[in-house]
Amino acid sequence: MVHMTTESTAYTADIEAVKQVVATVEHSQQHKDPDEFLALFHPDAVWTTAHGKVLIGLDAISEFTRKVLPAANWDGKVSYEVVHVLFIRPDVAAVKVRQRYLSPDDESEGAPLYVMTKQDDGRWLLTACQNTGVVAD
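These numbers were taken from a predicted model, which means no experiment stands behind them.

Draft legend 1. Layout of the overall build of the protein chain. Assigned secondary structure in the protein chain consists of three helices and nine strands. Moving toward the C terminus, one meets the helices and strands of the protein chain in the order β-α-α-β-β-α-β-β-β-β-β-β. Taken across its 137 residues, the protein chain has 39% of its residues classed as buried. For the protein chain, contacts bridging at least 24 residues in sequence account for 48% of all contacts bridging at least 6. Roughly 7,900 Å² of accessible area belongs to the protein chain as shown, and the carbon and sulfur atoms make up 52% of that amount.

Draft legend 2. Layout of the side chain of Asp-14. Looking at where Asp-14 falls in the secondary structure, it is placed in helix H1 (residues 12-30). Engagement of the side chain of Asp-14 in a polar contact is seen with the side chain of Lys-118, the distance being 2.9 Å. Discounting residues that sit within four places of it in the chain, Asp-14 has contacts with Phe-87, Pro-90, Lys-118 and Trp-124.

Draft legend 3. Structural context of H1. Over its 19 residues, H1 runs 27 Å from end to end, which matches the ideal 27 Å to within 8%, given 1.5 Å per residue. Here H1 has its buried residues at Asp-14, Ile-15, Val-18, Val-21, Val-22, Thr-24, Val-25, Glu-26, Ser-28 and Gln-29. A positive phi of about 50° marks Lys-32, the residue just after H1.

Draft legend 4. The arrangement of the environment of Lys-67 in detail. Summarising the element assignment, Lys-67 is placed in helix H3 (residues 58-68). Accessibility expressed as a relative area gives 60% for Lys-67, which makes it exposed. Put simply, Lys-67 and Pro-34 are 33 residues apart on the chain and 9.1 Å apart in space, counted from C-alpha to C-alpha.

Draft legend 5. Spatial organisation of the packing of aromatic side chains. With the rule as written, the count across this model stands at six aromatic pairs. For the pair Phe-37 and Trp-47, a centre-to-centre distance of 5.6 Å together with 90° between the ring planes defines the contact as edge-to-face. Residue Phe-37 is found in helix H2 (residues 34-38), and its partner Trp-47 is found in strand E2 (residues 41-48); the two are separated by 10 residues along the sequence. Centroid distance Phe-41 to Trp-47: 5.3 Å. Interplanar angle 70°. Geometry classified as edge-to-face. The two residues Phe-41 and Trp-47 agree in class, both being buried. One aromatic cluster is present, formed by Phe-37, Phe-41, Trp-47 and Tyr-114 through successive ring pairs.

Draft legend 6. Molecular detail of unusual backbone geometry. With phi around 50°, Lys-32 is a residue other than glycine that occupies positive phi space. Relative to the helices and strands, Lys-32 is located in the loop between H1 and H2. Overall, Lys-32 belongs to the partly exposed group, its relative accessible area being 26%.

Draft legend 7. Structural view of the nonpolar core. Residues Val-22, Trp-47, Val-95, Tyr-114, Met-116 and Leu-126 are the most contacted members of the largest nonpolar core, which totals 28 residues. Among all residues touching Val-22, those that are not within four sequence positions of it are Tyr-80, Val-82, Val-95, Val-97, Tyr-114 and Met-116.

Draft legend 8. View of the pairing of strand E8 (residues 124-130). The buried fraction of E8 is high, at five of seven residues. Direction of pairing for E2 relative to E8: parallel, over a ladder of four bridges. By the bridge assignment for E8, Thr-48 is matched with Gln-130. Two elements, strand E7 (residues 113-118) and E8, share six bridges in a ladder whose sense is antiparallel. Paired with Lys-118 across the strands is Trp-124, a residue of E8.

Cut-offs and rules
- Residues numbered from 1 in each chain as written.
- Predicted model: local features only at pLDDT ≥ 70, side-chain atom pairs only at ≥ 80, totals over all residues.
- Heavy atoms only, no water.
- Helix = DSSP H or I, 4+ residues; strand = E, 2+ residues; numbered from the N terminus.
- Buried < 20%, exposed > 50% of the residue type's maximum accessible area, 1.4 Å probe, protein only.
- Contact = heavy atoms within 4.5 Å.
- Areas by Shrake-Rupley, 256 points an atom, 1.4 Å probe, with all protein chains shown as cover.
- Polar contact = N/O pair within 3.5 Å; in protein donor to acceptor, adjacent residues only side chain to side chain.
- Expected span 1.5 Å × (residues − 1).
- Phe/Tyr/Trp six-rings, centres within 6.5 Å; stacked < 30°, edge-to-face > 60°.
- Core = buried A, V, L, I, M, F, W, Y, C linked by side-chain atoms within 4.5 Å.
- Pairing = 2+ DSSP bridges.

Given below as structure tokens:
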């Protein structure tokens, strides 16, 4: 279930579009597809990896992604679940995601925050993202 900070149903289509972006992130990660992943970004996006590396602009995000994603060594499944959406403005959403890497021997979790912006053509793009790892207690 997605939690929202607004009671309005006016955002229903936008929530579905945001969830589709997150589903595409999941698909691109499962298939280690940098092109599919990079198509989700605003050209001026900022991405901070779970290890704290700050990437500014699509060129930097692309260079990093093309190096690490195809070589990723997880042997299992990755899942991304939208758990909260806050519409800061009608065209800006803060999206909290639960990210899980599952393998036969291990499981790890992340808690990314994606700030997405709605473009003039109606597409939602990743614009400012922080990918934070969750440390088990």
